[in-house]
Amino acid sequence: MRQLLDFQNPVVILDRHYPGLQALTVDVDDYGGGYTAARHLVQKGHRNVGFAGPVITRADVILNRLEGFRDGLKESGLPLPEENIFSCPTPYVFGLAEGRKIAALRRRPTAIFSTMDTLSIGIMEGLREYGVCVPGEVSLIGFDNWIGCDMVSPKLTTIAQNLTEKVRNAVDILMRAIRDPKYRSEHITLGTELIRRSSVADLNG
């Protein structure tokens, strides 16, 4: 990364932040998104929950979402057991395989937060293939607010990030850096939003 920043041309880094490094970066509040997902599931009465994503990684994006989710559960005294952390890549096909595995578990989580919508939708279909009802038996929350969230049944509840705003901020600081050679350091973090649809069941009776 330092080698990239040593070039004279300005560079904007998306979805990464390096404390102590002079850089132009734009990301989203991944920790806050994970935290919001956990709080939503807790408010809906879920006590045995899971997390799905490529957790064997050094990527801040995934680890921050996991940490936020874990902390959101912890506030209500709920654990995130290791057996409820499903490590897999985010494309649909891997979610499909993971959904089939989860369907076969004797004690399935009642809800799962995935780090990407495509993964959640794959898990949804894998569960359905084995007769597991979503959200009746397993609720799902994704991340990104991908256009496909409204095209599946049930429609997917998700944590939205504003990609248009992310790109706009990246272009804005890049243009400023082009105009001003001394402007080479700024970190922008954009918020996330819970989009409630129909893939999370209310277990409060």
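The shown structure was predicted, so the numbers you read here are calculated from the model rather than taken from an experiment.

Conventions and cut-offs
- Residues numbered from 1 in each chain as written.
- Predicted model: local features only at pLDDT ≥ 70, side-chain atom pairs only at ≥ 80, totals over all residues.
- Heavy atoms only, no water.
- Helix = DSSP H or I, 4+ residues; strand = E, 2+ residues; numbered from the N terminus.
- Rg over C-alpha atoms; globule rule 2.2 N^0.38 Å.
- Buried < 20%, exposed > 50% of the residue type's maximum accessible area, 1.4 Å probe, protein only.
- Contact = heavy atoms within 4.5 Å.
- Areas by Shrake-Rupley, 256 points an atom, 1.4 Å probe, with all protein chains shown as cover.
- Expected span 1.5 Å × (residues − 1).
- Arc of directions from axis to C-beta.
- Polar contact = N/O pair within 3.5 Å; in protein donor to acceptor, adjacent residues only side chain to side chain.
- Phe/Tyr/Trp six-rings, centres within 6.5 Å; stacked < 30°, edge-to-face > 60°.
- Lys NZ or Arg CZ within 6 Å of the ring centre and 35° of its normal.
- Core = buried A, V, L, I, M, F, W, Y, C linked by side-chain atoms within 4.5 Å.
- Pairing = 2+ DSSP bridges.
- Axes fitted to C-alpha atoms, helices over the stretch in contact; angles between N-to-C directions.
- Parallel < 35°, antiparallel > 145°, perpendicular 65-115°, else oblique.
- Left-handed = near helix turned anticlockwise from the far one by under 90°.

Novice: Provide a residue-level description of the overall build of the protein chain, including the pertinent values.
Specialist: When its secondary structure is counted, the protein chain shows 6 helices and 9 strands. A globule of 205 residues ought to have a C-alpha radius of gyration of about 17 Å, and the protein chain, at 19 Å, matches this closely. A buried classification covers 47% of the 205 residues belonging to the protein chain. A fraction of 74% describes how many contacts in the protein chain between residues 6 or more apart in sequence connect residues 24 or more apart. Of the accessible surface of the protein chain, which amounts to about 10,600 Å², a share of 53% is contributed by carbon and sulfur atoms.

Novice: Which residues make up helix α6 (residues 163–179), and what are the values?
Specialist: Taking 1.5 Å per residue, 17 residues should reach 24 Å; α6 reaches 25 Å between its end C-alpha atoms and fits that length. When we look at burial in α6, the residues that qualify are Lys166, Asn169, Ala170, Ile173 and Ala177. One side of α6 carries all its buried residues, which in axial view fall inside an arc of 100°. In α6, the exposed positions angled more than 90 degrees off the buried face are occupied by Thr164, Ile178 and Arg179. Buried residues belonging to α6 abut β1 (12–14), β2 (24–28), β7 (157–161) and β8 (186–190). Its side-chain oxygen placed 3.2 Å from the backbone nitrogen of Thr164, Asn162 serves as the N-cap of α6.

Novice: Please set out the packing of aromatic side chains residue by residue, giving values where relevant.
Specialist: Evaluation of the coordinates by the stated rule reveals 4 aromatic pairs. Taking 6.1 Å as the distance between ring centres and 45° as the angle between the ring planes, the aromatic pair formed by Phe51 and Phe69 counts as tilted. In this pair, Phe51 is assigned in strand β3 (residues 49–53) and Phe69 in helix α3 (residues 60–74), connecting sequence segments 18 residues apart. Residue classification places Phe69 among the buried residues on the basis of a relative accessible area of 0%. Taken together, the aromatic side chains of Phe51, Phe69, Phe113 and Phe143 make up a single cluster linked through ring pairs. It is Arg65 that lies over the ring of Phe143; its NZ or CZ is 3.5 Å from the centre. For Arg176, the ring lying beneath its charged end belongs to Tyr183, and the centroid distance is 3.9 Å.

Novice: Give me the nonpolar core: which residues, what numbers.
Specialist: Looking at soluble globular proteins, one finds that nonpolar side chains tend to be buried together. Among the nonpolar cores identified, the biggest contains 20 residues, and Phe51, Phe69, Leu73 and Phe113 are the most heavily contacted of them. Counting residues per element, the ones that place at least two in this core are α2 (30–43), β3, α3, β5 (111–114) and β6 (139–144). In terms of residues, this core owes the most to one element, α2, which gives 4 residues. The residues touching Phe69, leaving out its near neighbours within four places in the chain, are Gly34, Tyr35, Ala37, Ala38, Leu41, Val49, Gly50, Phe51, Leu80 and Phe113. Counting residues in each nonpolar core, the second largest holds 18 residues, with Leu119, Val132, Val134 and Leu156 among its members.

Novice: How would you explain the sheet that holds β8 if you had to name every residue and give the values?
Specialist: Ordered by their spatial adjacency, 3 strands build an open sheet running β1-β2-β8, and the pairing between neighbours is parallel. Every other strand in the sheet has two partners, leaving β1 and β8 as the edge strands with one partner each. Neighbouring strand axes in the sheet, compared pairwise and without regard to direction, differ in orientation by 15° on average. Taken together, the 3 bridges between β1 and β2 define a ladder with parallel strand orientation. Paired with Leu14 across the strands is Val26, a residue of β2. Against the sheet, α6 engages β1, β2 and β8, with an angle of about 170° to β2.

Novice: Tell me about the packing of helix α4 (residues 92–103) against helix α5 (residues 117–129), residues and numbers included.
Specialist: Geometrically, a packed helix pair is captured by the angle between its two axes and the distance between the axes. Contact geometry of α4 with α5 gives a least axis separation of 6 Å together with a crossing angle of 40°. In terms of orientation, α4 lies oblique with respect to α5. In the packing of α4 onto α5, the handedness of the crossing is right-handed. Residue-level contacts link Tyr92, Phe94, Gly95, Leu96, Glu98, Gly99, Arg100, Ile102 and Ala103 of α4 to Thr118, Leu119, Ile121, Gly122, Ile123, Glu125, Gly126, Leu127 and Glu129 of α5.

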